[in-house]
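Okay, here's what each chain looks like letter by letter:
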Amino acid sequence: MSRDFSTNLLLCQETFQTPSQEFFIRLTQTCLLPFCMSVMLICLLSTLEVVAKKFRNVPQKSDGVPDIVVIGERPEVAYHMLHIVLFGSLALMFQGLKYLWTPYACMFAAFGVCSPELWMTVFKWLRLRTVPPLLLALVLSTAVPTIIAFSIWKDFFPDVMSELSELQEFYDSDTVELMNWIKRQTPTAAVFAGSMQLMGTVKLCTGRTVTTHPLYSDKDMRKRTEEIYQVYSRRSAEDIYMILVSYKADYVIIEEGICNDMGPVKGCRVKDLVDVANGHILHNEDDSDTNYAFSLYGRFCHEIELDYSPYINYFTRVYWNRSYRVYRINTLISFQYR
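Given the structure is predicted, the values throughout are model-derived calculations rather than measurements.

J.: Report on a nonpolar patch on the surface, specifying residues and quantitative values.
T.: On the surface, a cluster of nonpolar side chains totalling about 610 Å² of accessible area is made up of Phe150, Trp153, Phe157, Val160, Met161 and Leu164. Looking at the element boundaries, methionine 161 is found in helix α7 (residues 133–165). You can call methionine 161 partly exposed: its relative accessible area is 40%.

See below:
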C-alpha cells in the first residue's frame with residue numbers, strides 16, 4: 001500500500017472500486033447483459049466469418065436476397081464492438097466507469113435486436129428455408145424489442161412510480177444547527193478548517209472563508225487537505241496547532257463520523273489514511289513492517305475532547321452537538337494544567 005495520502009484517498013473512493021455483484025444481478029434482471037452478450041457474440045462470429053471469406057477470396061452470398069447483408073459486413077459493427085469491449089474492461093476495474101459502459105451496452109443491444117441484418121445472419125446459419133428469411137427478420141426485429149419493452153415496463157414501472165411518490169427532502173438537523181451557529185456566533189471574516197465536504201457546506205451556507213474545499217484539483221490543495229486532516233491523526237497538540245495557524249484558521253471543526261468511523265473497509269477510513277501517511281501502525285494491525293512505528297501521542301480528535309493540558313492551552317471548545325465539535329484556535333496561549 002502506498003504511503004501517499006492523496007493517492008490512497010482517491011483509490012478508496014467508491015468510483016475506483018470494482019463493481020459489486022449486485023451490479024451484474026441488476027443488469028441480468030433487466031435483460032441487458034444477456035442480450036448484449038448475445039448480440040456481441042453473433043456480431044463477432046459474423047465478422048470473423050466475413051474476414052475469413054475475404055482472405056480465402058470466397059465471393060459473398062446473400063442467399064438470393066441482394067438487399068440484405070449479414071451483420072458482419074458492416075465495418076461500423078466492428079468499431080462498436082471494440083469500444084464496448086474497451087469500456088467493459090475498464091468498468092470491470094473501476095466502478096465509476098460503469099456509467100460510461102452501461103449506456104453504450106444499451107445502445108449496442110438495442111441496435112442488434114432491432115437490426116434485420118442480425119436476424120438474417122442467424123437464419124443464414126440455421127439454413128432456414130420454410131419461411132422467407134427477410135420477412136421473418138423484419139417481423140422479429142420489431143416484435144422482440146416490443147416484447148422486451150413491455151416486460152420491463154410491467155416489472156419496473158410500479159417500482160419507479162412508488163419511488164417517485166416517496167421523494168423526501170434530506171434534512172440533517174445537526175448540520176443545520178452548526179450552520180446557523182456559525183452565521184450567528186462567528187465573525188464574518190472567520191476562517192474555518194475541517195473536512196473537504198463539510199468546508200464546502202460551510203462556504204455555501206455561511207459565506208465564511210475555509211481552508212479547503214471539495215475541488216481536489218491541484219498539488220497545493222492536495223497538500224493542504226492532507227495537513228488539515230491531521231486533526232484525525234496521532235500527533236501532538238502543538239503540531240496540529242502549528243498546522244492550523246499556518247493556514248490562518250480561526251476555528252477547526254471535528255466530525256464525530258470521521259473521528260469514530262468504524263467502517264468495514266480497513267485502511268480506507270480517513271484516520272487510517274493519515275496514519276499510513278505519517279508512518280504510524282494502524283490500530284490492531286498485525287504487521288511487522290519496520291517502516292511503520294507506534295505514535296507517542298493519542299489520536300488528536302479523541303484527546304482534545306478530554307479537555308486537559310496541553311490541548312486546552314491551544315484550543316477552546318465553543319460549540320458541540322451529536323455530530324460536530326467546534327474549537328476556537330487560541331491566538332494567546334495560556335498554559336493551564338489539568
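J.: I'd love a proper account of helix α13 (residues 270–278), names of residues and values included.
T.: When you tally the buried positions in α13, you get eight out of nine residues, the bulk of the element. For α13, the set of buried residues is Val270, Lys271, Asp272, Leu273, Val274, Asp275, Val276 and Ala277. Close packing links the buried residues of α13 with α1 (5–11), α10 (219–228) and α12 (256–259). Of the residues flanking the end of α13, it is glycine 279, one or two places downstream, whose phi is positive at about 80°.

J.: Residue-level account of unusual backbone geometry, with values.
T.: Omega for the peptide link from serine 309 to proline 310 comes to 10°, which places this bond in the cis form. Relative to the elements of secondary structure, proline 310 occurs in the loop between α14 (300–303) and α15 (311–314). A positive phi angle is found at lysine 248, which is not glycine, with a value near 60°. With respect to the helices and strands, lysine 248 occurs in the loop between α11 (237–246) and β3 (251–255). Here lysine 248 falls in the exposed class, since its relative accessible area comes to 67%. Backbone geometry at aspartate 307 places phi at a positive 55°, although glycine is not the residue there. Its relative accessible area of 26% is what places aspartate 307 among the partly exposed residues.

J.: Explain the confidence of the model for the chain residue by residue, including any values.
T.: Averaged over every residue, the pLDDT of the chain is 83; the share at 70 or more is 87%. Across residues 62–67, where pLDDT falls below 50, the model places five contacts with residues more than four positions away in sequence or in other chains. Confidence over residues 284–290 falls short of pLDDT 50; this stretch has one contact with residues more than four positions distant or in other chains.

J.: Outline the environment of isoleucine 254, listing residues and values.
T.: With respect to the helices and strands, isoleucine 254 occurs in strand β3. Sequence spacing of isoleucine 254 and serine 195 is 59 residues, and the spatial spacing of their C-alpha atoms is 8.3 Å. Excluding residues within four positions of it along the chain, isoleucine 254 makes contact with Val231, Tyr232, Cys259, Cys301, Ser323, Tyr324, Arg325 and Tyr327.

J.: Describe the sheet that holds strand β2 (residues 209–210), listing the residues and the values that go with them.
T.: Either a parallel or an antiparallel arrangement is found when strands of a sheet pair, and the pairing is made through backbone hydrogen bonds. The five strands lie next to each other as β2-β1-β3-β5-β4, forming an open sheet whose pairing is mixed. Because the sheet does not close on itself, it has two edges, and the strands there are β2 and β4 (315–320). In this structure, β4 lies alongside strand β5 (residues 324–329), joined through five bridges in antiparallel fashion. Considered in β5, the bridge of arginine 317 is made with tyrosine 327.

J.: With reference to specific residues and values, describe the side chain of lysine 271.
T.: Topologically, lysine 271 is positioned in helix α13. One buried charge, lysine 271, has no salt-bridge partner; the nearest side chain with opposite charge is aspartate 272, at 6.3 Å. Of the polar contacts made by the side chain of lysine 271, one reaches the backbone oxygen of aspartate 261; its length is 3.2 Å. Not counting residues within four places of it along the chain, the set of residues in contact with lysine 271 comprises Tyr232, Ile258, Cys259, Asn260, Asp261 and Arg299.

J.: How would you summarise the pairing of β3 if you had to cite specific residues and measurements?
T.: A large share of β3 lies buried, amounting to five of its five residues. The alternating pattern of β3 places Tyr251, Ile253 and Glu255 and Val252 and Ile254 on opposite faces, both of which are buried. Where strand β1 (residues 191–193) lies against β3, two bridges are found, and the strand directions are parallel. Along β3, the bridge assignment pairs alanine 193 with valine 252.

J.: How would you summarise the layout of surface pockets if you had to cite specific residues and measurements?
T.: As a volume, the largest pocket reaches approximately 440 Å³. Surrounding the largest pocket, 21 residues form its lining, Thr30, Cys31, Leu32, Cys106 and Ile152 being those nearest its centre. When residues of the lining of the largest pocket are traced back to their parent elements, those giving at least two are α2 (21–29), α3 (32–55), α5 (98–113) and α7. No other element matches the seven residues that α5 contributes to the lining of the largest pocket. Classifying every residue of the lining of the largest pocket by side-chain character gives 16 nonpolar, three polar and two charged. The computed volume of the second largest pocket comes to approximately 280 Å³.

Calculation rules
- Note that residues are indexed from 1 along each chain, following the sequence as it is written.
- Local features in a predicted model are, by the rule used here, given only for residues with pLDDT of at least 70; side-chain atom pairs are given and counted only at 80 or more, and totals for whole chains, interfaces and linings are based on all residues.
- Heavy atoms throughout the structure, all of them, feed into the side-chain values; hydrogens and water do not.
- Patch membership needs two things, relative accessible area over 30% and no salt bridge, and members are linked within 9 Å if like-charged or within 5 Å if nonpolar (Val, Leu, Ile, Met, Phe, Trp, Tyr).
- With residues, only the protein chains shown are counted as cover, and all accessible areas are computed by Shrake-Rupley using a 1.4 Å probe.
- Every case where a carboxyl oxygen of Asp or Glu lies within 4 Å of a side-chain nitrogen of Lys or Arg is listed as a salt bridge.
- For the purposes of this entry, the term helix denotes a DSSP run of H or I that reaches at least four residues, the term strand denotes a run of E that reaches at least two, and both are numbered from the N terminus.
- Buried residues are those whose accessible area, probed at 1.4 Å on protein chains only, stays under 20% of the maximum for their type, while exposed residues exceed 50% and partly exposed ones sit between those limits.
- Contacts are assigned to residue pairs with any non-hydrogen atoms lying within 4.5 Å of each other.
- pLDDT runs from 0 to 100 and stands for how confident the predictor is about each residue.
- Pairing between strands is defined by DSSP: at least two bridges between the two strands are required.
- As used throughout, the charge tally considers Lys and Arg to be positive and Asp and Glu to be negative, leaving His and the chain termini uncounted.
- Here a polar contact means two N or O atoms within 3.5 Å. Within protein one must be a hydrogen donor candidate and the other an acceptor candidate, and residues neighboring in sequence count only if both atoms are side-chain atoms.
- Lining residues are those with an atom within 4 Å of a point, where the points come from a 1 Å grid over the protein atoms alone and group into cavities, where a 1.4 Å probe fits but cannot get out, or pockets, open sets with protein on both sides within 12 Å along at least five of seven lines.
- Grid points are joined across faces, edges and corners, and a volume is the space filled by probe spheres set on the points.
- Ten residue types, Ala, Val, Leu, Ile, Met, Phe, Trp, Tyr, Cys and Pro, are classed as nonpolar, four, Asp, Glu, Lys and Arg, as charged, and the remainder, Gly among them, as polar.

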